[in-house]
Amino acid sequence: MADPDGVALDERKWALRREMRARRTTLTDAERAAASRAVAWHVLRHLPCRERPRISLFWPLAEEIDTRPLLHILYALGAEPLLPRMQGKGRPLVFHRWSPDLPLVQGPFGVMEPPPELPPVLPEIVLAPLLAFDRRGHRLGYGAGFYDRTFDAVEAAGGAPLRVGLCFACQEVTEVPVDETDVPLDLVVTEEGPVVLRPTSGLS
Ligand SMILES: Nc1nc2c(c(=O)[nH]1)N(C=O)[C@@H](CNc1ccc(C(=O)N[C@@H](CCC(=O)O)C(=O)O)cc1)CN2
Ligand SMILES: Nc1ncnc2c1ncn2[C@@H]1O[C@H](COP(=O)(O)OP(=O)(O)OP(=O)(O)O)[C@@H](O)[C@H]1O
């Protein structure tokens, strides 16, 4: 697929992924840690965490928001934190309950995941990692299409999760290139606070 100036959509997405990875690399460890604490605070303050939702996080890769303190706090609050597991290329992620004593196993791309023998759980809130987002709610990930497929699969199974991006404020762009499989986010939470993207999210 090509846009009017002839640059294929895929090429524009890969160029933006490279640019956003480079931008994220410029954060210092101290900035990353402070932003991660602020993001955790905004999630607890603005999402319905006291209703103890089944809420999916992700085990962070080196340069992503550090979600581990938030996982522990949600668990302590009596919420049901979940982590995703890959079932293979081209397949949706499946979610399993996480607790502090759960031994994780290393999956593809070095991602730490719950072991496969646990029962699958449908999330009510999905906190998704991303490389870039825009104010229309479009999200750019690492390019495997895992989260778009997962949002479709959860809905097909009867779920209607709140779709939330979790990232650094520097990952906002004017326009993410999208194709027809892109499932928009309801909101994004950065260290600066929540960015509400769809009024239907019920949050302000
Ligand atoms: N923490 C985390 N867990 C996740 C995701 C994610 O983006 N982050 N995923 C989202 O779909 C799924 C895994 N999919 C992935 C697909 C590609 C790459 C990838 O290309 N990784 C880079 C290294 C990235 C980094 O260190 O920042 C690589 O292998 O070069 C990673 C995860 C499920 N779990
Ligand atoms: N629901 C879906 N069904 C079939 N193909 C899909 C679906 N969602 C995404 N894809 C395909 O997967 C590929 C990667 O999608 P995309 O560029 O949106 O990934 P991404 O959002 O950057 O990655 P991720 O969600 O893994 O972080 C594209 O070719 C896209 O068409």
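Here is what the cut-offs are and how they apply
- Residues numbered from 1 in each chain as written.
- Chains lettered and ligands numbered in written order.
- Predicted model: local features only at pLDDT ≥ 70, side-chain atom pairs only at ≥ 80, totals over all residues.
- Heavy atoms only, no water.
- UniProt positions renumbered as here; feature names shortened; annotations may be inferred.
- Near = heavy atom within 4 Å.
- Polar contact = N/O pair within 3.5 Å; in protein donor to acceptor, adjacent residues only side chain to side chain.
- Areas by Shrake-Rupley, 256 points an atom, 1.4 Å probe, with all protein chains shown as cover.
- Helix = DSSP H or I, 4+ residues; strand = E, 2+ residues; numbered from the N terminus.
- Nonpolar A, V, L, I, M, F, W, Y, C, P; charged D, E, K, R; others polar.

The name given to the protein chain in an unreviewed UniProt entry is 5-formyltetrahydrofolate cyclo-ligase, with Benzoatithermus flavus as the source organism. Within the UniProt record for the protein chain, the comment given under Cofactor (unreviewed entry) is "Mg(2+)". For the protein chain, the Catalytic activity (unreviewed entry) comment in UniProt is given as "(6S)-5-formyl-5,6,7,8-tetrahydrofolate + ATP = (6R)-5,10-methenyltetrahydrofolate + ADP + phosphate".

A. Expanded view of the site of ligand 2. Near ligand 2 you find 16 residues, and of these R17, R139, G141, F146 and D152 are the closest. Between ligand 2 and R17 there is a distance of 2.8 Å, counted from an oxygen atom to a side-chain nitrogen or oxygen. Compared with its free state, where it exposes 640 Å², ligand 2 has 76% of that area covered by protein. Of all the secondary-structure elements, those providing two or more residues to the shell around ligand 2 are α1 (9–25), β8 (139–140) and α4 (146–156).

B. The arrangement of the site of ligand 1 in detail. Looking at ligand 1, there are 15 residues lining it, with R24, W59, E64, P129 and Y142 nearest. Separating a nitrogen atom of ligand 1 from a backbone N or O atom of W59 is a distance of 2.7 Å. The side chain of E64 places a nitrogen or oxygen atom 2.7 Å from a nitrogen atom of ligand 1. Taken together, the residues that form the shell around ligand 1 break down as 12 nonpolar, no polar and 3 charged.

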